[in-house]
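The primary structure of each chain is shown beneath.
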Amino acid sequence: MTTTILVVGALVVLLAVYVSWRAGRLDRLHIRLELARESLDAALVRRTAVSLELAASRMLDPATSLVLAAAAHEARTAGPEEREHAESDLSRTLRAVVDQERFRDRLAGTRAGSDLLEELGAAVAKVLYARRFYNNAVGVTRTAQRRWLARTLRLAGHTAYPEFFEIDDAPPTALAAE
């Protein structure tokens, strides 16, 4: 009788430790997800700021500046529901602007233009990597939330499944060639 109680007690303790470990893992995944989202938001804001700086630099023709400034403004002011669409529009606008014939040559001819191109290239690359990192964190977190133990014991509480952030973030060809 005493042996049975000890075995059952040991199994209960092991089960409690395992459940606690799974809950801690879910918590760490949610923290990682929040940090990845903040990093993605920062990268998107930086890309928008550099795009606005390029549009205001007077190095572009007025029509191109206006189109780029409008797309950057839309990306900056978009609400949560429109954010993916606005960011994709900014990506497409950047490709259209930067991939113009002799665009790099015109901007690279000046010190400010060269610095702006380098900054824009870095900002575009950071968005690409931050989005991939965030979507990876979303996938891992969703998988952990869907496991039977997490669902049964509600280890994630009432947290909704995180959503992927899908945008067209392909860099302009002229910037990718660097």
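Trainee: Go over the environment of Val50 with me, naming the residues and quoting the values.
Mentor: Mapped onto the secondary structure, Val50 falls in helix H1 (residues 2–55). Separated by 31 residues in sequence, Val50 and Glu81 have C-alpha atoms that sit 23 Å apart. Excluding anything up to four places from it in sequence, Val50 contacts Leu116, Glu119, Leu120 and Ala123.

Trainee: Break down the packing of H1 against helix H3 (residues 83–98) for me, citing the residues and quoting the values.
Mentor: In the contact formed by H1 and H3, the axes pass within 12 Å of each other and the chain directions differ by 45°. In terms of axis orientation, H1 runs oblique to H3. Crossing hand, H1 versus H3: left-handed. In this structure, H1 contributes Asp41, Leu44, Arg47, Thr48 and Ser51 to the contact, and H3 contributes Arg83, Glu87, Leu90, Ser91 and Leu94. Class assignment of the residues belonging to the contact of H1 with H3 gives a composition of 3 nonpolar, 3 polar and 4 charged.

Trainee: Describe the packing of H1 against helix H2 (residues 62–77), and please don't skip the residues or the numbers.
Mentor: As a packed pair, H1 and H2 sit with axes 8 Å apart at the nearest point and diverge in direction by 155°. Judged by the angle between their axes, H1 and H2 are roughly antiparallel. Relative to H2, the crossing made by H1 is left-handed. Here Thr48, Ser51, Leu52, Leu54 and Ala55 of H1 come into contact with H2, specifically with Ser65, Leu68, Ala69, Ala72, His73, Ala75 and Arg76. Across the contact of H1 with H2, the residue classes tally to 7 nonpolar, 4 polar and 1 charged.

Trainee: Explain the pattern of salt bridges to me, and be specific about the residues and the numbers.
Mentor: Following the criterion strictly, the structure yields 11 salt bridges and no others. Residues Glu119 and Arg46 are paired through a salt bridge, measuring 1.7 Å at the closest nitrogen-oxygen approach. In this pair, Glu119 is assigned in helix H5 (residues 111–146) and Arg46 in helix H1, connecting sequence segments 73 residues apart. A residue is classified by how much of its surface remains accessible, and Glu119, at 26% relative accessible area, is partly exposed. When the shortest N-O distance is used, the salt bridge between Arg92 and Asp89 registers 2.5 Å. One end of the pair is Arg92 and the other is Asp89, both in helix H3 and 3 residues apart, which spans about a single turn. Taking the relative accessible area as the measure of exposure, Asp89 reaches 28% and is therefore partly exposed.

Reading the values: the criteria
- Residues numbered from 1 in each chain as written.
- Predicted model: local features only at pLDDT ≥ 70, side-chain atom pairs only at ≥ 80, totals over all residues.
- Heavy atoms only, no water.
- Helix = DSSP H or I, 4+ residues; strand = E, 2+ residues; numbered from the N terminus.
- Contact = heavy atoms within 4.5 Å.
- Axes fitted to C-alpha atoms, helices over the stretch in contact; angles between N-to-C directions.
- Parallel < 35°, antiparallel > 145°, perpendicular 65-115°, else oblique.
- Left-handed = near helix turned anticlockwise from the far one by under 90°.
- Nonpolar A, V, L, I, M, F, W, Y, C, P; charged D, E, K, R; others polar.
- Salt bridge = Lys/Arg side-chain N within 4 Å of Asp/Glu carboxyl O.
- Buried < 20%, exposed > 50% of the residue type's maximum accessible area, 1.4 Å probe, protein only.

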